[in-house]
Amino acid sequence: MRIIGTGRAHPAKVVTNAMLEGFLDTSDEWIRTRTGIQERRLISSERLEDLATEAARKAIEDAGLTPADIDYIICSNVVNEYITPGLSCIVQGAIGARCASVDVNAACSGFIYALDMADDRIRSGKARNILVLAAEEPTRMVDWEDRSLCVLFGDGAGAVVVTGGDGLICSRLTTTSKLDCLHYVRRLEPTPYITKEEYSAPMYMNGKEVFKTAVLSSSRDIKVLLDKSGLKPSEIKYYVLHQANFRIIEAIANWLKLDLSHFPTNVERCGNTSSASIPLLLDELAREGKLQKGDKILMSAFGAGFTTGACIIEWTK
Ligand code: UT7
């Protein structure tokens, strides 16, 4: 597969660190130094499906296609207001496409899993043009009285359109089941037969543990992909990494002994937008004219699960 179009949509509401100081025992200084985040964009009056639809329309237009040309839709999503149908299905109707659609949930790594699935489907000849979306509202999973979590996240939707080609150089997906580190549990409807204990609770995260695992797993994935492709670290124009914390990105840059100019970021403006962070950043780079034909881009993400996904692509647009 190769990427032929990108798009993104952000919520309108910008929430700065200073605004959070108004109702939380936190400070701009703590948030900036621990995470690099200065502000984030949060869902207020919008619905996530509207952001996903806007990102999808922009990516299809950028690809020079119409919704009728899309053969399949894959949407990475962790939560939205609907448990069912999937967000991909809602977007299919909203853009007026007629193809099959499916959601994937691999937490913050979901966009890479979705891209990899799209590549398989194109290779097998089952689809020609696939819309790959990531739409997330992680700010709805956290307790807004818990300063250690709510300051970290932002909402948004990013999309790409892929078609047949040689744009995917290599990829790597891993899963290590480890529920105690990071999870969010919602109670389902009761039935007369439920006898087990159930609960609902906002997201739980052991930040320090996730931080360590993130740096180690992302560095390992990057090394495996560089070895597999035969590329030197400096031959990658951009490392488009999951935007969870600037310090994680900095640690990976130091480990690779590369200048931070290879590591574009949006975490300072968007916060951690879960699986949407990579396609949001990719669209920014593309629309700012920073990607040239032939550029090698390494994308790497980690998330609850624990899941990781990474790939090297060549920009062919
Ligand atoms: O995409 C999902 C994956 N998630 C991640 O990648 C997150 C990975 N982890 C992290 O990014 C970092 O661990 C955090 C940013 C979450 C936390 O940074 P840290 O350097 O590990 O801080 P900490 O948890 O050790 O907290 C240090 C102190 C604590 O106070 P005491 O116990 O030392 O007195 C916290 O209570 O900072 C306090 N604290 C805060 N203070 C002001 C925690 N949150 C805040 C806050 N404002 N918002």
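Residues numbered from 1 in each chain as written. Predicted model: local features only at pLDDT ≥ 70, side-chain atom pairs only at ≥ 80, totals over all residues. Heavy atoms only, no water.

**A closer look at the site of the ligand**
This is how the line gets drawn: Being near a molecule or strand, for a residue, comes down to having at least one heavy atom within 4 Å of it. Think of a polar contact as two N or O atoms within 3.5 Å of one another; within protein, one of them needs to be a possible hydrogen donor and the other a possible acceptor, and neighboring residues in sequence only count if both atoms come from side chains. The method behind every accessible area is Shrake-Rupley, applied with a 1.4 Å probe, and residues are considered shielded solely by the protein chains displayed. Counting from the N terminus, the helices are the DSSP runs of H or I reaching at least four residues and the strands are the DSSP runs of E reaching at least two. When residues are grouped by polarity, Ala, Val, Leu, Ile, Met, Phe, Trp, Tyr, Cys and Pro land in nonpolar, Asp, Glu, Lys and Arg in charged, and all others, Gly among them, in polar.
The immediate surroundings of the ligand are formed by 22 residues, with T26, R147, K208, N245 and N272 found nearest. The contact in question runs from an oxygen atom of the ligand to an N or O atom on the side chain of R34, over 2.9 Å. Separating an oxygen atom of the ligand from a side-chain N or O atom of N272 is a distance of 2.7 Å. Starting from 970 Å² of accessible surface for the ligand in isolation, the protein chains cover 74%. Sorting the residues of the shell around the ligand by element identifies α2 (28-35), α6 (147-150), α7 (207-229) and α8 (246-256) as the ones contributing at least two each. Ranked by the residues each element gives to the shell around the ligand, the list is headed by α7, at four residues. Looking at the shell around the ligand residue by residue, the classes come out as 10 nonpolar, seven polar and five charged.

**Structural notes on the domain arrangement of the protein chain**
Convention followed: Each domain span listed reflects an automatic or database assignment of domains. Residue contacts are defined here by distance: any two heavy atoms, one from each residue, within 4.5 Å place the two residues in contact. Buried area is a sum: the accessible area each of two parts loses on coming together, probed at 1.4 Å, counted once for each and added. Salt bridges are counted wherever a side-chain nitrogen of Lys or Arg sits within 4 Å of a carboxyl oxygen of Asp or Glu.
Split by domain assignment, the protein chain resolves into domain 1 (2-165) and domain 2 (171-314). For domain 1 and domain 2, the distance between their C-alpha centres works out to 14 Å. Listed as interface residues are 49 residues of domain 1 and, on the opposing side, 42 residues of domain 2. A per-residue breakdown of the area domain 1 buries against domain 2 is headed by C108, I112 and Y113, which together make up 18% of the total. Where domain 1 meets domain 2, there are one salt bridge. The salt bridge partner of D283 is R8, with a shortest N-O separation of 2.9 Å. Between domain 1 and domain 2 we count 21 residue pairs in polar contact (both at pLDDT 80 or more) in total. Elements with a minimum of two residues in the side of domain 1 that touches domain 2: β1 (2-9), α2, β3 (39-42), α3 (48-62), α5 (110-123), β6 (130-136) and β7 (156-163). Element by element, the count of residues in the side of domain 1 that touches domain 2 is highest for α5, at six residues.

**Regarding the pairing of strand β13 (residues 307-314)**
Threshold: For every residue, the accessible area obtained with a 1.4 Å probe (protein chains only) is divided by the maximum for its type, and the residue is called buried under 20%, exposed over 50%, and partly exposed between those limits. Pairing between two strands is assigned when DSSP locates at least 2 bridges connecting them.
The buried fraction of β13 is high, at seven of eight residues. Note that strand β8 (residues 168-175) and β13 share seven bridges and pair antiparallel. Looking at the pairing, C170 lines up with I312 of β13. For strand β12 (residues 296-303) and β13, the ladder comprises eight bridges, and the chain directions are antiparallel. Among the inter-strand pairings, S300 is bridged to a residue of β13, identified as A310. Counting the residues in the hairpin turn of β12 and β13 gives three residues, including G305, whose phi is positive at 150 degrees.

**A word on the sheet that holds strand β4 (residues 72-76)**
To summarise the sheet geometry, strands pair through backbone hydrogen bonds and adopt either a parallel or an antiparallel arrangement. Just so we agree on the cut-off: Angular values range over 0 to 180 degrees, each being the angle between N-to-C directions of two axes fitted as lines to C-alpha atoms, with helices fitted over their stretch in contact.
An order of β1-β7-β6-β4-β5 is seen for the five strands of this open sheet, with the pairing classed as mixed. Every interior strand has two partners, whereas the edge strands, β1 and β5 (100-104), have only one. Between one strand axis and the next, the sheet turns by 15 degrees as a mean value, whatever way the strands run. Sheet analysis places β4 next to β6, joined by five bridges and oriented parallel. Its bridge partner being in β6, S76 is matched across the sheet by A134. Across the sheet, helix α4 (residues 87-95) is in contact with β4, β5 and β6; its angle to β5 comes to roughly 145 degrees. Lying on the sheet, α5 is in contact with β4, β5, β6 and β7; it crosses β6 at an angle near 165 degrees.

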